[in-house]
Amino acid sequence: MDRYDNGSDTASAGADGRLVGASADGEDQAVEAALRPKSLDEFVGQERVREQLDLVLKAALARGATADHVLLSGAPGLGKTTLSMIIAAEMGAPIRITSGPAIQHAGDLAAILSSLQEGEVLFLDEIHRMSRPAEEMLYMAMEDFRVDVIVGKGPGATAIPLELPPFTLVGATTRAGLLPPPLRDRFGFTAHMEFYGPPELERVIHRSAGLLDLVIDAEGAAEIAGRSRGTPRIANRLLRRVRDYAQVKADGRITRDIAAAALRVYEVDGRGLDRLDRAVLQALLKLFGGGPVGLSTLAVAVGEERETVEEVAEPFLVREGLLARTPRGRVATPAAWAHLGLVPPQQGLGPGGQQGLFGT
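Residues numbered from 1 in each chain as written. Predicted model: local features only at pLDDT ≥ 70, side-chain atom pairs only at ≥ 80, totals over all residues. Heavy atoms only, no water.

(A) Quick look at the overall build of the protein chain. Within the protein chain, the secondary structure is distributed over 14 helices and 9 strands. The buried share of the protein chain, reckoned over its 360 residues, is 48%. Within the protein chain, contacts between residues separated by at least 24 positions form 69% of all contacts whose residues are at least 6 apart in sequence. Accessible surface, the protein chain as shown: approximately 16,100 Å² in total, 53% of it carbon and sulfur. (Helix = DSSP H or I, 4+ residues; strand = E, 2+ residues; numbered from the N terminus. Buried < 20%, exposed > 50% of the residue type's maximum accessible area, 1.4 Å probe, protein only. Contact = heavy atoms within 4.5 Å. Areas by Shrake-Rupley, 256 points an atom, 1.4 Å probe, with all protein chains shown as cover.)

(B) Inspection of the pattern of salt bridges at higher detail. Following the criterion strictly, the structure yields 18 salt bridges and no others. Across the pair R50 and E47 runs a salt bridge, and its minimum N-O distance is 3.4 Å. With a gap of 3 residues between them, R50 and E47 both fall in helix 2 (residues 47-63), about one helical turn apart. Look at R50 and you get buried, because its relative accessible area is 17%. (Salt bridge = Lys/Arg side-chain N within 4 Å of Asp/Glu carboxyl O.)

(C) Fine view of helix 2. In this model, helix 2 (17 residues) spans 24 Å end to end at C-alpha, consistent with the 24 Å of a helix rising 1.5 Å per residue. Taken together, the buried positions of helix 2 are occupied by V49, R50, L53, V56, L57 and A60. Viewed along the axis of helix 2, the buried residues span an arc of 130°, placing them on a single side of the element. Counted as exposed and oriented over 90 degrees from the buried face of helix 2: E51, L55, K58, A62 and R63. Among the residues trailing helix 2, G64 stands out with phi positive, at a value near 70°. (Expected span 1.5 Å × (residues − 1). Arc of directions from axis to C-beta.)

(D) Summary view of the packing of helix 8 (residues 218-225) against helix 10 (residues 256-265). Close contact between helix 8 and helix 10 brings their axes to 7 Å; oriented N to C, the two are set at 30°. Here helix 8 is positioned roughly parallel relative to helix 10, judged by the angle of their axes. Contacts from E219, G220, A222, E223 and I224 in helix 8 reach R256, A259 and A260 in helix 10. (Axes fitted to C-alpha atoms, helices over the stretch in contact; angles between N-to-C directions. Parallel < 35°, antiparallel > 145°, perpendicular 65-115°, else oblique.)

(E) Structural detail: the pairing of strand 7 (residues 189-192). Residues F189 and A191 point to one face of strand 7 and are all buried, whereas T190 and H192, pointing to the other face, are not buried. Pairing of strand 1 (residues 70-73) with strand 7 involves 4 bridges; the strand directions are parallel. Counterpart to V70 in the pairing with strand 7 is F189. (Pairing = 2+ DSSP bridges.)

(F) Summary view of the side chain of K80. Within the fold, K80 resides in helix 3 (residues 80-91). When its relative accessible area of 1% is taken as the criterion, K80 is described as buried.

(G) Geometry of the nonpolar core. Within the largest apolar cluster, 51 residues are counted, with the highest numbers of intra-cluster contacts made by L83, I224 and I254. For this core, the element with the highest residue contribution is helix 9 (residues 232-249), accounting for 7 residues. Among residues more than four places away in sequence, those in contact with I254 are L214, V215, I216, D217, G220, I224, L239, V242, R243, A246 and A259. In this structure, I112, L124, V147 and L179 belong to the second largest nonpolar core, which totals 24 residues. (Core = buried A, V, L, I, M, F, W, Y, C linked by side-chain atoms within 4.5 Å.)

(H) Geometry of unusual backbone geometry. With a phi angle near 50°, F145 is a residue other than glycine that sits in the positive phi range. With respect to the helices and strands, the residue F145 is situated in the loop between helix 5 (132-144) and strand 4 (146-151). The phi torsion at R229 lies on the positive side, around 60°, for a residue other than glycine. Relative to the helices and strands, R229 resides in the loop between helix 8 and helix 9. By relative accessible area, which is 8% here, R229 ends up buried.

(I) Representation of the pairing of strand 6 (residues 168-173) in the model. Burial analysis of strand 6 places 6 of its 6 residues in the buried class, the great majority of the element. As judged from the 4 bridges shared by strand 1 and strand 6, these two strands associate in the parallel manner. Within strand 6, the residue paired with L72 across the bridge is A172. In terms of strand pairing, strand 3 (residues 121-125) meets strand 6 through 4 bridges, oriented parallel. Bridged to L124 within strand 6 is G171.

(J) Seen up close, the packing of aromatic side chains. Throughout the structure, instances matching the rule amount to 1 aromatic pair. Judged by centre distance (5.5 Å) and plane angle (80°), the rings of F145 and F167 are edge-to-face. Linking F145 in the loop between helix 5 and strand 4 with F167 in the loop between strand 5 (158-163) and strand 6, this pair joins segments that are 22 residues apart in sequence. F145 gets classed as partly exposed once you look at its relative accessible area, which sits at 21%. (Phe/Tyr/Trp six-rings, centres within 6.5 Å; stacked < 30°, edge-to-face > 60°.)

(K) Fine view of the environment of N236. Looking at the secondary structure, you find N236 in helix 9. Expressed as a C-alpha distance, the spacing of N236 and I205, which sit 31 residues apart in the sequence, is 6.5 Å. A distance of 2.4 Å separates polar atoms of two side chains, one belonging to N236 and the other to S208. (Polar contact = N/O pair within 3.5 Å; in protein donor to acceptor, adjacent residues only side chain to side chain.)

(L) Here's a closer look at the confidence of the model for the protein chain. Confidence in the prediction for the protein chain averages 82 pLDDT; 85% of positions are at 70 or higher. Scored below 50 in pLDDT, residues 348-360 makes 22 contacts in the model with residues more than four places away or belonging to other chains. (pLDDT = per-residue confidence, 0-100.)

Next up, the structure:
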């Protein structure tokens, strides 16, 4: 699930195998519901989105109509699934949850749509991964609340129109740019979920600690928030790991020192970088003098697949301003040298203090 996750000691990492990974595995999804806010008032952060969505929902209730279709975009772990459930709760409607990869044929979508109740909320996660035939059927369903079911094949095929009750589609995507314009235009309200700032994450951590019956002081929450990559899901996962450490190594109370010691054990540093992130930076700085270096060469130096470095490690490093992607290859920034406590080479520097392509 999207907003909060929980898990056992054996599920200490996300679906991508990293403690600071934003995706959630099955066990995370099964137990995170206890920490999920049930209303917009309880939802922490995303003030602009909450205010806009509150107006949309209250206006629909005042009209006695179903809410407009809603598209939520943003990185994993920021609250898209939770907001979909809040939309259903605020409208007093049931919710049906499915995902784009699960709908590979138009018939799959037709079966779901035909079973919806009036006013029901259909949450379609990773909507950009839906098959093209189902996507085209969704156009008509969203706009006219009708689908054409094809019966038979070839010249004898017949399209049977099927009327649908009014419903609200909530689509969620991590890659809004992959949505075709005809689909994107049919959403009445579109919201982009932003990464959280440290104060917002501290509020998330305090709220979760209260629900988990944990004792945590302000400095302990700030320490965890600073390493959470701006993502509530990661903040809650780190909170659980710090809880384990505090229960075993201390008296159960989470302070700044306890949080820092616990996250050192789990190899999450002060900026939220884990082993893979630091390995990429160390290879770039120590082996290649800060770059530029090709992605494949960097991946070999780290001992990981090219896709792992590009899709798992690089996005956060780029967002943190520690690494830059250039036409000539990957280049470390001055912040990367400072973070690892290394001194950049003084000879052969090009514009901006970076090493030239040929070291001259």
